[in-house]
Amino acid sequence: MKINKNYQKLEDSYLFSTIAHKVAEFTQKNPDASVIRLGIGDVTLPLAPAVVKAMNKAVEEMGVKESFRGYGPEQGYGFLKEAIQKYYASRNTHLELDEIFISDGAKSDVGNILDLFSQDNTVLVPNPVYPVYVDTNVMAGRKIVFADANEANDFLPMPDENIKADIIYICSPNNPTGAVYTKEGLKKWVDYALKNNAIILYDAAYECFIKDKNLPRSIFEIEGAKKCAIEFCSFSKTAGFTGTRCGYTIVPQELVYDGVHINKMWLRRQTTKFNGVPYIVQRGAEAVFSEEGQKQIQENIAYYSENAKIIADTLKAKGIYFTGGTHSPYIWLKCPNNMSSWEFFDYLLEKAQVVGTPGAGFGENGEGFFRLTSFGDRAKTIEAMERFSKLF
Ligand code: MLT
């Protein structure tokens, strides 16, 4: 038996596991410390009442012979796909039902989709970026090239004709920087992908935080994207499903490479390796799109956006450079006093008992930066910023 040696090229542990481990060590040594966690982007508000109601009803159905359900369709129930289809239609994007695949979250599908692509593709990943894009390709032994995101380009790298890439990752609003592409910016990537026979893997997990109607919430708002892009989205941040698990992936019928339909390949992959998301969870997700559900989740998103404003206002008052927060739940700040990302992590934990995410964990270009999330509790966010203010 030979192991996959590519795993040895990975960091010892996944970024958020390393942070959790460090915080656990700190709390063990300081049992009385009141630690405020603004690190991992995990939601704190409970599921919307409309979602809970729908899930309760589904549980009842599962307990009755006539309405009990066993295995569902691997690609998701029609009722949820129809709700997603309508959601896109409300933004003038038409999707066929068989282009929508329900999953247990964007993270899984972003990793699983790689089953469809040969190992000898070159992958283009922005730097800094959500570590899953890099790690999943390192595991598969693919060549990775990076697109520099930095202050000079407002953390929005543009395609470079001199760099040949086959698989391109885009996350907008971006994790970790909060930067959002305009339609013109995305169009340049779509044009590049079409010209170079590349595919774009578009992570739209944070689309619900976009407030400006002129900014694209889906890559399929861009002409030509259906011929070169797959979109991943999730209920995690939209509707607080981080622990409930549900997402969706859009694989257009028009995606054809080497005469092969990517949609068919994905269907084949999913029917073989995946047995679908629980019926109860899919009913909960469907309720997110009901009138009541939409109203309730918008209130939650507004709550998190207000947290982001509280963090942003503190940084502004202190004259600390940052991006994000407006169309994103993340604030990406420059570490004060030229500290490195991990130095600042330790400093903030030690002096203020506030946990954030070191920018270096998102790639080399993240060094010297730090990410705070607005998904925390309001009172704790205020308290964290008061503690922060006293330090600088
Ligand atoms: C993050 O903090 O970057 C996210 O919570 C990670 C994720 O969505 O998997």
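Rules used throughout
Residues numbered from 1 in each chain as written. Predicted model: local features only at pLDDT ≥ 70, side-chain atom pairs only at ≥ 80, totals over all residues. Heavy atoms only, no water. Helix = DSSP H or I, 4+ residues; strand = E, 2+ residues; numbered from the N terminus. Expected span 1.5 Å × (residues − 1). Buried < 20%, exposed > 50% of the residue type's maximum accessible area, 1.4 Å probe, protein only. Arc of directions from axis to C-beta. Contact = heavy atoms within 4.5 Å. Polar contact = N/O pair within 3.5 Å; in protein donor to acceptor, adjacent residues only side chain to side chain. Pairing = 2+ DSSP bridges. Axes fitted to C-alpha atoms, helices over the stretch in contact; angles between N-to-C directions. Core = buried A, V, L, I, M, F, W, Y, C linked by side-chain atoms within 4.5 Å. Domains from an automatic or database assignment. Near = heavy atom within 4 Å. Areas by Shrake-Rupley, 256 points an atom, 1.4 Å probe, with all protein chains shown as cover. Nonpolar A, V, L, I, M, F, W, Y, C, P; charged D, E, K, R; others polar. 1 Å grid on protein atoms, 1.4 Å probe; cavity = no way out; pocket = protein on both sides within 12 Å on 5 of 7 lines; lining within 4 Å. Points joined across faces, edges and corners; volume = space filled by probe spheres on them. Parallel < 35°, antiparallel > 145°, perpendicular 65-115°, else oblique. Left-handed = near helix turned anticlockwise from the far one by under 90°. Buried area = accessible area lost by both parts, 1.4 Å probe. Salt bridge = Lys/Arg side-chain N within 4 Å of Asp/Glu carboxyl O.

Visitor: Let's hear about helix α12 (residues 378-391): which residues, and what values?
Guide: For α12, with 14 residues, the first-to-last C-alpha span of 20 Å sits near the 20 Å given by 1.5 Å per residue. The set of residues buried in α12 consists of T381, A384, M385, R387 and F388. Buried residues in α12, looked at end-on, bunch into an arc of 160°, giving them a common side. With respect to the buried face of α12, the exposed residues turned more than 90 degrees away are A379 and K390. Its buried side turned inward, α12 meets β1 (36-37), α10 (291-318), β12 (330-334), α11 (341-352), β13 (354-355) and β15 (369-373). The N-terminus of α12 is capped by D377, whose side-chain oxygen sits 3.2 Å from the backbone nitrogen of A379.

Visitor: Lay out the sheet that holds strand β7 (residues 229-234) in plain terms, naming residues and giving numbers.
Guide: One open sheet holds the seven strands; their spatial order is β2-β8-β7-β6-β5-β3-β4, and the pairing between them is mixed. Of all the strands in the sheet, just β2 (100-103) and β4 (143-148) have a single pairing partner and so form its edges. Between one strand axis and the next, the sheet turns through 20° on average, direction left out of account. Of the strand pairs in this sheet, strand β5 (residues 167-171) and strand β6 (residues 199-203) are connected by five bridges, and their pairing is parallel. Residue pairing for β6: I168 is matched across the bridge by I200.

Visitor: Residue-level account of the nonpolar core, with values.
Guide: Counting 129 residues, the largest nonpolar core has I200, I230 and F235 as the members making the most contacts within it. In terms of residue count, the dominant contributor to this core is α10 (eight residues). Looking at which domains feed residues into this core, each of domain 1 (7-46 + 292-391) and domain 2 (49-290) supplies at least three. When residues no more than four places from it in sequence are discounted, the contact partners of F235 are L80, I84, G240, F241, C246, G247, Y248, A285, V288 and F289.

Visitor: Just give me the short version of the site of the ligand, but keep the residues and values in it.
Guide: Neighbouring the ligand are the residues F16, I40, G41, K107, Y130, N175, Y206, K237, Y330 and R371. A distance of 2.6 Å separates an oxygen atom of the ligand from a polar backbone atom of G41. Residue K237 places a side-chain N or O atom 2.8 Å away from an oxygen atom belonging to the ligand. A total of 270 Å² of accessible area belongs to the ligand in isolation, and the protein chains cover 85% of it. When its residues are assigned to classes, the shell around the ligand shows five nonpolar, two polar and three charged.

Visitor: Outline empty space enclosed by the protein, listing residues and values.
Guide: Scanning the model with the defined rule gives three cavities of 30 Å³ or more in all. Volume-wise, the largest cavity comes out at about 120 Å³. Forming the boundary of the largest cavity are 18 residues, of which P126, P157, Y169, N174 and Y181 lie nearest the centre. Those elements that provide at least two residues to the lining of the largest cavity are β3 (122-127) and β5.

Visitor: Report on the packing of helix α3 (residues 78-89) against helix α9 (residues 279-288), specifying residues and quantitative values.
Guide: A pair of packed helices is characterised by two quantities: the angle between their axes and the separation of those axes. Where α3 contacts α9, the axes come no closer than 9 Å and their chain directions differ by 25°. With respect to α9, the axis of α3 lies roughly parallel. The chirality of how α3 crosses α9 is left-handed. Across from F79, L80 and A83 in α3, the residues of α9 making contact are Y279, Q282, R283, A285 and E286. Residue composition of the contact of α3 with α9, by class: five nonpolar, one polar and two charged.

Visitor: Help me get a handle on the domain arrangement of the protein chain, residues and values and all.
Guide: Interface size is commonly expressed as the accessible surface area that is lost when the partners come together. What the domain assignment reports for the protein chain is domain 1 (7-46 + 292-391) and domain 2 (49-290). Put simply, the middle of domain 1 and the middle of domain 2, counted by C-alpha atoms, are 25 Å apart. On the side of domain 2, 41 residues touch domain 1, which itself brings 35 residues to the contact. Carbon and sulfur atoms make up 60% of the surface buried where domain 1 meets domain 2, a total of about 3200 Å² over both sides. When the buried surface of domain 1 facing domain 2 is broken down by residue, Y14, H327 and N365 rank first, second and third, together holding 21% of it. As a salt-bridge pair, K334 and E151 come within 2.7 Å of each other at their nearest N and O atoms. The interface formed by domain 1 and domain 2 holds 19 residue pairs in polar contact (both at pLDDT 80 or more) in total.

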